[in-house]
Each structure stands twice: as structure tokens, then as C-alpha cells.
Amino acid sequence: QAILAKALSSHTHPIDCLIAMATQHVVVVGHGPIGQSFIEKLMEKKAGFKVSVLCEEPRPAYNRVMLTQYFQDLDGDKKDSMKLSYWSEAQLKEQGVDLVYGRGTAIHREAKEVEF
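Residues numbered from 1 in each chain as written. Predicted model: local features only at pLDDT ≥ 70, side-chain atom pairs only at ≥ 80, totals over all residues. Heavy atoms only, no water.

So, the pattern of salt bridges
Line of reasoning, step 1. Considering all chains together, one arrives at two salt bridges under this definition.
Line of reasoning, step 2. A salt bridge links glutamate 56 to arginine 103, with the nearest nitrogen and oxygen atoms 3.5 Å apart. Placement of glutamate 56 in the loop between strand S3 (50-55) and helix H3 (67-72) and of arginine 103 in the loop between strand S4 (97-101) and strand S5 (106-108) is noted, with a sequence separation of 47 residues between them. We note that glutamate 56, like arginine 103, is exposed. (Salt bridge = Lys/Arg side-chain N within 4 Å of Asp/Glu carboxyl O. Helix = DSSP H or I, 4+ residues; strand = E, 2+ residues; numbered from the N terminus. Buried < 20%, exposed > 50% of the residue type's maximum accessible area, 1.4 Å probe, protein only.)

Given below as C-alpha cells:
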């Protein structure tokens, strides 16, 4: 499988480069805290491009720092209220972000493809 993506040019700041490519498809490989932060910055710019994120884990990005507390806490009600995820699948969808579960295996810059 492949997702088409527009390669970054030699602009000095990646966000500025992406804004210049409005209406293009941006693929974020990796949906950890940094990937999520990048997506949030893209959404703030409202540049109008399609965004997909490739996530190897079986859930959207979550706060890994809170995991120790989450597993140490014996109170089930408190666990449910901890909200480890930065954004839910529904929130990503509302923002127009296509969440794709899978592991990136190759990036082909010239073809502008990401394999997973």
C-alpha cells in the first residue's frame, strides 16, 4: 500500500513549505507526541491541505509520561478520567485528519509515496 505525499522543498521552515503546498497531501509518519504536535500546528495554519497520519500503535497518540501513573492507580474511575489520548479518532476525523494504522516501511521521495 502507498499513500501519496508531497515532498518538502528547500524552504527554511517546514510549516512554511507546507503552506506553500496548499491543497497538497501531507503524510505524517509516526503518531507520537511530536507527530501530534506537528498536526496541531498544521491545523492552526488552516492552509487547506489534506493530512494523513500513519500510526503504528493501535490507538491515536497518547501521553506516554502518564503511563506509569495510569498503571499504578488502582481506582478504575480515576483511570477512565485520565484521558491519555491527545485527540480521539473522532477528533482527528473532525479536523479532517485521516488516521491510518500501520507501520511505515519505506519513503520514496521521487515518487512522493510512503509505503506501509
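Focus: the side chain of histidine 25
Line of reasoning, step 1. Note that histidine 25 resides in strand S2 (residues 25-29).
Line of reasoning, step 2. Residue classification places histidine 25 among the buried positions, given a relative accessible area of 16%.
Line of reasoning, step 3. For histidine 25, the side chain forms a polar contact with the side chain of serine 52, separated by 2.7 Å. (Polar contact = N/O pair within 3.5 Å; in protein donor to acceptor, adjacent residues only side chain to side chain.)

Things to note about helix H2 (residues 33-45)
Line of reasoning, step 1. With 13 residues, H2 extends 19 Å between its outermost C-alpha atoms, agreeing within 8% with the 18 Å of an ideal straight helix rising 1.5 Å per residue.
Line of reasoning, step 2. Lysine 46 lies just past H2 and shows a positive phi near 45 degrees. (Expected span 1.5 Å × (residues − 1).)

Observations regarding the sheet that holds S4
Strand pairing in a sheet relies on backbone hydrogen bonds, with the paired strands running either antiparallel or parallel.
Line of reasoning, step 1. The parallel open sheet is built from three strands, whose spatial order is S2-S3-S4. Single-partner strands in this sheet number two, and they are S2 and S4. Each strand of the sheet is rotated relative to its neighbour by a mean of 20 degrees, with strand direction disregarded.
Line of reasoning, step 2. Bridging between S2 and S3 involves five bridges; their strand directions are parallel. (Pairing = 2+ DSSP bridges. Axes fitted to C-alpha atoms, helices over the stretch in contact; angles between N-to-C directions.)

Topic: the environment of methionine 66
Line of reasoning, step 1. Relative to the helices and strands, methionine 66 is located in the loop between S3 and H3.
Line of reasoning, step 2. As for methionine 66 and leucine 84, which are separated by 18 residues in sequence, their C-alpha atoms are 7.0 Å apart.

So, the nonpolar core
Line of reasoning, step 1. Formed by 14 residues in total, the largest nonpolar core has its most connected members in Ile39, Leu42, Met43, Phe49, Val51, Val53 and Val97.
Line of reasoning, step 2. Counting only elements with at least two residues in this core, the list comes to S2, H2, S3 and S4.
Line of reasoning, step 3. Apart from the residues within four sequence positions on either side, valine 53 is in contact with Val28, Gly30, His31, Ile39, Val97, Asp98, Leu99 and Val100. (Core = buried A, V, L, I, M, F, W, Y, C linked by side-chain atoms within 4.5 Å. Contact = heavy atoms within 4.5 Å.)

Thoughts on the packing of aromatic side chains
Line of reasoning, step 1. Following the criterion strictly, the structure yields zero aromatic pairs and no others.
Line of reasoning, step 2. The ring of tyrosine 62 has arginine 64 lying over it, and the distance from NZ or CZ to the ring centre is 4.4 Å. (Phe/Tyr/Trp six-rings, centres within 6.5 Å; stacked < 30°, edge-to-face > 60°. Lys NZ or Arg CZ within 6 Å of the ring centre and 35° of its normal.)

Description of unusual backbone geometry
Line of reasoning, step 1. Of note, lysine 112 is a non-glycine position whose phi angle comes to about 55 degrees, a positive value.
Line of reasoning, step 2. Among the structural elements, lysine 112 can be located in the loop between S5 and strand S6 (113-115).
Line of reasoning, step 3. By relative accessible area, which is 32% here, lysine 112 ends up partly exposed.

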